[in-house]
Amino acid sequence: MAMASSQFFCDHQLHPSCNSIRRTTLPSFRPHGSSSFRPKPQFQRTPFLRVRASAGRKQVEIVYNPDERINNLADEVDKNTGLSRLTLFSPCKINVFLRITGKRADGFHDLASLFHVISLGDIIKFSLSPSKTKDRLSTNVPGVPLDESNLIIKALNLYRKKTGTDNYFWVHLDKKVPTGAGLGGGSSNAATALWAANQFSGCLATEKELQQWSSEIGSDIPFFFSNGAAFCTGRGEVVEDISLPIPLDIPMVLVKPPQACSTAEVYKRLRLDQTSKVDPITLLEKISKNGISQDVCINDLEPPAFEVLPSLKRLKQRIIAASRGQYDAVFMSGSGSTIVGIGSPDPPQFIYDDDEYQDVFLSEASFITRAANQWYTQPASTGACYNSPNQSME
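From a predicted model like this one, the values you see are computed outputs, not experimental measurements. (Residues numbered from 1 in each chain as written. Predicted model: local features only at pLDDT ≥ 70, side-chain atom pairs only at ≥ 80, totals over all residues. Heavy atoms only, no water.)

**Q** Would you explain the overall build of the protein chain in this entry?
**A** Regarding its fold elements, the protein chain presents 9 helices and 15 strands. Evaluated residue by residue, the protein chain yields a buried proportion of 46% over its 394 residues. Accessible surface computed for the protein chain: about 19600 Å², of which carbon and sulfur atoms make up 50%. (Helix = DSSP H or I, 4+ residues; strand = E, 2+ residues; numbered from the N terminus. Buried < 20%, exposed > 50% of the residue type's maximum accessible area, 1.4 Å probe, protein only. Areas by Shrake-Rupley, 256 points an atom, 1.4 Å probe, with all protein chains shown as cover.)

This is the structure in structure tokens:
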């Protein structure tokens, strides 16, 4: 009696390999900014296993297709898998005008300012960490603190404190925005980290709660939970969304020298009796009617900043003199040391010609806003950064 035998084989004409099942990945769904999710396995419909058993002269052929079972399993795994990676754009801001209106009992100053988000920004990548005790932060530039003094780590700690979640993260910061620039890059990073932590936790907090909590670690952070254009008062934490007819396609150029202005030193030299007396509401009305012009771009921190860094005053004056009407307005953002030229993406020629300015940070930019319930997205064309290799991002 012949012994039964069996053999397993592949139909190579239909599928060249049965040793591995090929996976294809569908494009990731990306809500709330640009995000990366764990890909859902999708299996080809062609692979199958054919079994041929022989006993004497009789042969039985069984065709088994594992396709449906495996895909059902993948669907079940996918349903139980939460967000594991998220990449977000972290834009900076400029102050179209900045009025300092008084000194507070807590030592801070009251301000009234039109903040607006612009297209220059960092990219931050968040991944869930297996650790339940510590976040890990890395960056592409030297000089950025990676410990708990960094606003990103402070924001993640704040979120855990407020919600009781135990998610910790590996975070990589791809830094484009120079610090010490008056552009709020660190504050934006903190707001972006709060938004990310909330996404990983299934949005336990509302945007309003995130905005309120964020003021505990920085005065400028709540602004980034606005729609991108806001009238800010108090220390900056009182945020009122506005809809001004400022075209988003107005170009601008940012010029930041290597030297930074110490915010504390700038405020220390501020003299309230020498600030502008123009009503901030009047400035808002003028911008609403006539757009941005030199007379509305008032920054009360310019005089003390120019005392701290006299070369910054000279830079602003030279840009105005050389522009020949190229810019609608030239002004300093925040407490410095960035000078903004509104109306053209191009810096004056002397920036390229004079050795004194060989290490300045240069970038073109434009105004941006964000849609409700979404984070900021990087514009398709965000302009170019021309900072010198010698320019520090510290």
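**Q** Is there a simple way to explain the packing of helix α2 (residues 151-163) against helix α3 (residues 185-200) in this structure?
**A** For any two helices packed against each other, the geometry comes down to the angle between their axes and how far apart the axes lie. Taken N-terminus to C-terminus, the directions of α2 and α3 make an angle of 35°; their axes are 8 Å apart at the nearest point. Between α2 and α3 lies a crossing whose hand is right-handed. Of the residues in α3, those touching α2 at L151, I152, A155, L156, L158 and Y159 are G186, S187, N189, A190, A193, L194, A197 and N198. The residue makeup of the contact of α2 with α3, split by class, is 10 nonpolar, 4 polar and no charged. (Axes fitted to C-alpha atoms, helices over the stretch in contact; angles between N-to-C directions. Left-handed = near helix turned anticlockwise from the far one by under 90°. Contact = heavy atoms within 4.5 Å. Nonpolar A, V, L, I, M, F, W, Y, C, P; charged D, E, K, R; others polar.)

**Q** Just to check I follow, could you spell out the pairing of strand β10 (residues 229-233) for this structure?
**A** On a regular strand, one side chain projects to one face of the sheet and the next to the other, so that they alternate. Counting buried positions along β10 gives 4 out of 5 residues, so the element sits mostly inside the fold. Here strand β7 (residues 109-128) runs beside β10; their pairing, made up of 4 bridges, is antiparallel. Residue pairing for β10: F115 is matched across the bridge by A230. Where β10 folds back onto strand β11 (residues 238-241) in an antiparallel hairpin, the turn is made up of 4 residues, including G234, whose phi is positive at roughly 65°. (Pairing = 2+ DSSP bridges.)

**Q** Mind showing me how you'd approach the pairing of strand β13 (residues 329-332) here?
**A** A two-sided burial pattern is seen for β13, the buried positions comprising A329 and F331 on one face and V330 and M332 on the other. One ladder, built from 4 bridges, connects β13 with strand β14 (residues 339-342); its direction is antiparallel. Within the sheet, the bridge partner assigned to V330 lies in β14 and is G341. Between β13 and β14, which pair antiparallel and follow one another directly, the connecting turn spans 6 residues, one of which, G334, has a positive phi of 60°.

**Q** Just to check I follow, could you spell out the pattern of salt bridges for this structure?
**A** If charged atoms from side chains of opposite charge come close, those side chains can pair. The full count for this structure, using the stated rule, is 16 salt bridges. The residue R271 makes a salt bridge to E307 at a minimum N-O spacing of 2.7 Å. Of this pair, R271 sits in the loop between α5 (263-269) and α6 (280-290) while E307 sits in helix α7 (residues 302-308), and the two are 36 residues apart along the sequence. Among the charged side chains, a salt-bridge network with shared partners connects E265, R269, R271 and E307. (Salt bridge = Lys/Arg side-chain N within 4 Å of Asp/Glu carboxyl O.)

**Q** Explain the side chain of S219 to me, please; I cannot follow it from the model alone.
**A** Considering the arrangement of structural elements, one finds S219 in the loop between α4 (207-214) and β10. Separated by 2.5 Å, the side chains of S219 and R235 make a polar contact. The residues contacting S219, other than those within four sequence positions of it, are R235, G236 and E237. (Polar contact = N/O pair within 3.5 Å; in protein donor to acceptor, adjacent residues only side chain to side chain.)

**Q** Where do I start with the environment of V144 in this structure?
**A** If you trace the backbone, V144 turns up in the loop between β8 (136-139) and α2. For the pair V144 and T179, spaced 35 residues apart in sequence, the C-alpha separation works out to 8.9 Å. Among all residues touching V144, those that are not within four sequence positions of it are T139, N150 and L173.

**Q** Sorry, what's going on with the packing of α3 against α4 here?
**A** Where α3 meets α4, the closest approach of the two axes is 10 Å, and the angle between their N-to-C directions is 140°. Judged by the angle between their axes, α3 and α4 are oblique. The two elements α3 and α4 meet at a crossing, and its hand is right-handed. Mapping the contact onto sequence places L194, W195 and N198 in α3 and E207, L210 and S214 in α4. Per-class residue counts for the contact of α3 with α4 are 3 nonpolar, 2 polar and 1 charged. (Parallel < 35°, antiparallel > 145°, perpendicular 65-115°, else oblique.)

**Q** Any chance you could explain the sheet that holds strand β12 (residues 251-256) here in plain terms?
**A** Strands belonging to one sheet form pairs held by backbone hydrogen bonds; the direction of such a pair is parallel or antiparallel. The strand order β13-β14-β12-β15 describes an open sheet built from 4 strands, whose pairing is antiparallel. Here the strands that pair on one side only, and so sit at the sheet edges, are β13 and β15 (361-366). The sheet shows a mean angle of 20° between the axes of neighbouring strands, taken without regard to direction. Lying over the sheet, helix α8 (residues 310-323) contacts β12, β13 and β14, oriented at roughly 170° with respect to β13.

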